[in-house]
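The lines below spell out each chain.
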Amino acid sequence: MRRDFSRDDTSPGDFYRLLTSTVVPRPIAWVSSRSAAGVDNLAPHSFFTIASVKPPIIQFTSVGRKDTLRNIEETGEFVVNLAPEQLFEQINATGTNFDPQVSEFDAAGLTREPGLTVAAPRVLESPVALECKLHLVQPIGDCLVVFGEVTHAAISEEVLDGDHPLMDRLKPLSRLGRDEWGTTGAVHTIKRIPVDEWPGHFRS
């Protein structure tokens, strides 16, 4: 038995909470940016994915116009840092709505690391940093989708097996509903089935 929720009969806030509690888990773009005045910003954004392979473009959504978006529009660059499990409390703390002149790096006790292709700093404590140049800001409803072309990836040797990052070393966090966060937990491995090897055993 299902319960129906009409978009037109549900408040936008309640419908938003339904969406964020069912579109799960959501990877976190821990975005560092620098304002034109030189103030470093760091904030988690949980509407995040890959938009293009060639060129390599990633995207995240700003729900409303926030410091991160303003900085990116001013400077045309940013860094997406991986949000690892061991930094759970600091990542959550950087979501606090500080005044624009306050740097979340300092408030959360995190270390700046210089980027190679952008002026925005990377988070030294994060195992992965994706340096990005702004490609496009696309308004959609009350949100703005930020597309960034990845110009450089910096990955800690500690999480690599050869050139491949391992999930049990990355330990990425994800966002769930309400105040809930997720970890990777058990990781299952399965290969995609080639059509000429289709087993046909899924029929009832």
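Below you will find a few notes about this structure. It should be emphasised that the depicted structure is a prediction, and the values quoted were computed from it without experimental measurement.

1. A closer look at the overall build of the protein
Here comes step 1: Looking only at helices and strands, the protein features five helices and 14 strands.
Here comes step 2: Over its C-alpha atoms, taken along the principal directions, the protein stretches across nearly 65 × 50 × 30 Å.
Here comes step 3: Within the protein, buried positions represent 35% of all 204 residues.
Here comes step 4: The contacts of the protein with a sequence gap of at least 6 include a subset with a gap of at least 24, amounting to 58%.
Here comes step 5: For the protein, the accessible surface area stands at approximately 13,000 Å², while carbon and sulfur atoms represent 53% of it.

2. A few points about the pattern of salt bridges
Here comes step 1: Following the criterion strictly, the structure yields ten salt bridges and no others.
Here comes step 2: The shortest N-O distance in the salt bridge between Glu131 and Arg122 comes to 2.6 Å.
Here comes step 3: Note on Glu131: relative accessible area 0%, which makes it buried.
Here comes step 4: Note on Arg122: relative accessible area 7%, which makes it buried.
Here comes step 5: One continuous salt-bridge network, built from bridges that share partners, spans Arg34, Asp40, Asp106 and Arg112.

3. Considerations on a nonpolar patch on the surface
Here comes step 1: Side chains of Ile193, Trp198 and Phe202 sit close together on the surface and give an oily, nonpolar patch of about 350 Å² of accessible area.
Here comes step 2: Among the secondary structure elements, Ile193 is positioned in the segment after strand E14 (181-182).
Here comes step 3: According to the relative accessible area criterion, Ile193 is partly exposed, its value standing at 38%.

4. Details of the sheet that holds strand E6 (residues 77-81)
Here comes step 1: With antiparallel pairing, seven strands are arranged side by side in an open sheet as E3-E2-E6-E9-E10-E5-E4. With one partner strand each, in any of the chains shown, strand E3 (40-45) and strand E4 (48-52) form the two edges of the open sheet. For this sheet, the mean angle separating the axes of adjacent strands, direction not counted, is 35°.
Here comes step 2: The sheet contact formed by strand E2 (residues 29-34) and E3 spans six bridges and is antiparallel. Counterpart to Ser33 in the pairing with E3 is Asn41.
Here comes step 3: Running at roughly 50° to E2, helix H2 (residues 67-75) makes contact with E2, E3, strand E5 (57-63), E6, strand E9 (128-140) and strand E10 (143-155) of the sheet.

Procedures and definitions
Residues numbered from 1 in each chain as written. Predicted model: local features only at pLDDT ≥ 70, side-chain atom pairs only at ≥ 80, totals over all residues. Heavy atoms only, no water. Helix = DSSP H or I, 4+ residues; strand = E, 2+ residues; numbered from the N terminus. Buried < 20%, exposed > 50% of the residue type's maximum accessible area, 1.4 Å probe, protein only. Contact = heavy atoms within 4.5 Å. Areas by Shrake-Rupley, 256 points an atom, 1.4 Å probe, with all protein chains shown as cover. Salt bridge = Lys/Arg side-chain N within 4 Å of Asp/Glu carboxyl O. Patch = residues over 30% accessible without salt bridge, like charges linked within 9 Å, V, L, I, M, F, W, Y side chains within 5 Å. Pairing = 2+ DSSP bridges. Axes fitted to C-alpha atoms, helices over the stretch in contact; angles between N-to-C directions.

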